[in-house]
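# Survey of secondary and tertiary structure
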Amino acid sequence: MAPLRVLVLSGPNLQLLGTREPEIYGTETLDEIHARLVARGEELRVTVDARQTNHEGGLCDWIAEARGTFDGLLLNAAAYTHTSLAIFDALKAVGLPCVEVHLSNPEAREAYRQASRVAPACIGKVAGFGGESYLLALEALAHYLRRAP
Ligand code: DQA
């Protein structure tokens, strides 16, 4: 069984995890989540490359470059989830399977978080489980990719 290659992208302000509104996002840092993803990936035979940027265009660049290098994506676009037609277009353009990820459950929060611009370009979503959302999404994506014809 060949290892799968998964690109994990996190958007604006997620570099502040650990101290950012811990009552909503918990106390785990993004580096800690990334380390857990790499370790879980080793168990699942998935090579994980995890990155963060505050810039919408940077996310678009990384998504565009993923074709041919990665089998699928996990994406927490943070606030861009709710606004970014550019990220939606990038996901549609590359056509790689993508799982939308959130630490909180945006649909249970403010009205302006309840719509996702990226969801229609994703195969599914994991939200509301803190850092564990990323781990659950990695398992779901690996399962999806290994079942795909
Ligand atoms: C978030 C939810 C978004 O609404 C918010 O803008 C974030 C984080 C989450 O992981 O819960 O920055 O994507």
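One can find the structure itself at the top, above this paragraph.
Remember, predicted model here, so these are calculated numbers, not experimental data.

The helix and strand tally for the chain stands at five helices and five strands. Relative to the compact-globule value of 15 Å for 149 residues, the chain shows a C-alpha radius of gyration of 14 Å, a close match. Once the C-alpha set of the chain is aligned to its principal axes, its extents read approximately 40 × 30 × 25 Å. The buried share of the chain, taken over its 149 residues, is 48%. Contacts in the chain between residues far apart in sequence, at least 24 positions, make up 78% of those at least 6 positions apart. Carbon and sulfur atoms make up 53% of the accessible area of the chain, which totals about 7300 Å². Distance from the positive charge centre (14 side chains) to the negative charge centre (18 side chains) of the chain: 7 Å.

Before going further, it helps to spend a moment on empty space enclosed by the protein. Space left empty within the atom packing is revealed by a probe, the size of a water molecule, rolled over the atoms. Applying the stated rule across the entire model yields one cavity of 30 Å³ or more. Taken as a whole, the largest cavity holds about 30 Å³ of empty space. Around the largest cavity, the lining residues are T81, H82, E100, H102, P106, E107, R113, Q114, S116 and K125. Its residues assigned to classes, the lining of the largest cavity comprises one nonpolar, five polar and four charged.

Another point: the sheet that holds strand β5 (residues 124-127). Spatially, five strands are ordered β2-β1-β3-β4-β5 in an open sheet, and the strand pairing comes out parallel. Strand pairing shows two members of the sheet lacking a second neighbour, β2 (46-52) and β5, which therefore form its edges. When strand polarity is set aside, the average angle formed by the axes of neighbouring strands in this sheet is 20°. Pairing analysis gives seven bridges linking strand β1 (residues 4-10) to β2, with the strands arranged parallel.

So, on to the pattern of salt bridges. Counted by the stated rule, this structure contains ten salt bridges. The partner of R5 in a salt bridge is D71, and the shortest N-O contact between them spans 3.1 Å. With R5 in strand β1 and D71 in the loop between α3 (56-65) and β3 (72-76), the pair connects residues that are 66 residues apart, well separated along the chain. The exposure class of R5 is partly exposed, given its relative accessible area of 34%. Among the salt bridges present, the one from E43 reaches R40, with a minimum N-O distance of 2.4 Å. Of this pair, E43 and R40 both sit in helix α2 (residues 30-44), three residues apart, roughly one helical turn. Overall, E43 belongs to the exposed group, its relative accessible area being 59%.

What counts as what
Residues numbered from 1 in each chain as written. Predicted model: local features only at pLDDT ≥ 70, side-chain atom pairs only at ≥ 80, totals over all residues. Heavy atoms only, no water. Helix = DSSP H or I, 4+ residues; strand = E, 2+ residues; numbered from the N terminus. Rg over C-alpha atoms; globule rule 2.2 N^0.38 Å. Buried < 20%, exposed > 50% of the residue type's maximum accessible area, 1.4 Å probe, protein only. Contact = heavy atoms within 4.5 Å. Areas by Shrake-Rupley, 256 points an atom, 1.4 Å probe, with all protein chains shown as cover. Lys, Arg positive; Asp, Glu negative; His and termini not counted. Charge placed at Lys NZ, Arg CZ, Asp CG, Glu CD. 1 Å grid on protein atoms, 1.4 Å probe; cavity = no way out; pocket = protein on both sides within 12 Å on 5 of 7 lines; lining within 4 Å. Points joined across faces, edges and corners; volume = space filled by probe spheres on them. Nonpolar A, V, L, I, M, F, W, Y, C, P; charged D, E, K, R; others polar. Pairing = 2+ DSSP bridges. Axes fitted to C-alpha atoms, helices over the stretch in contact; angles between N-to-C directions. Salt bridge = Lys/Arg side-chain N within 4 Å of Asp/Glu carboxyl O.

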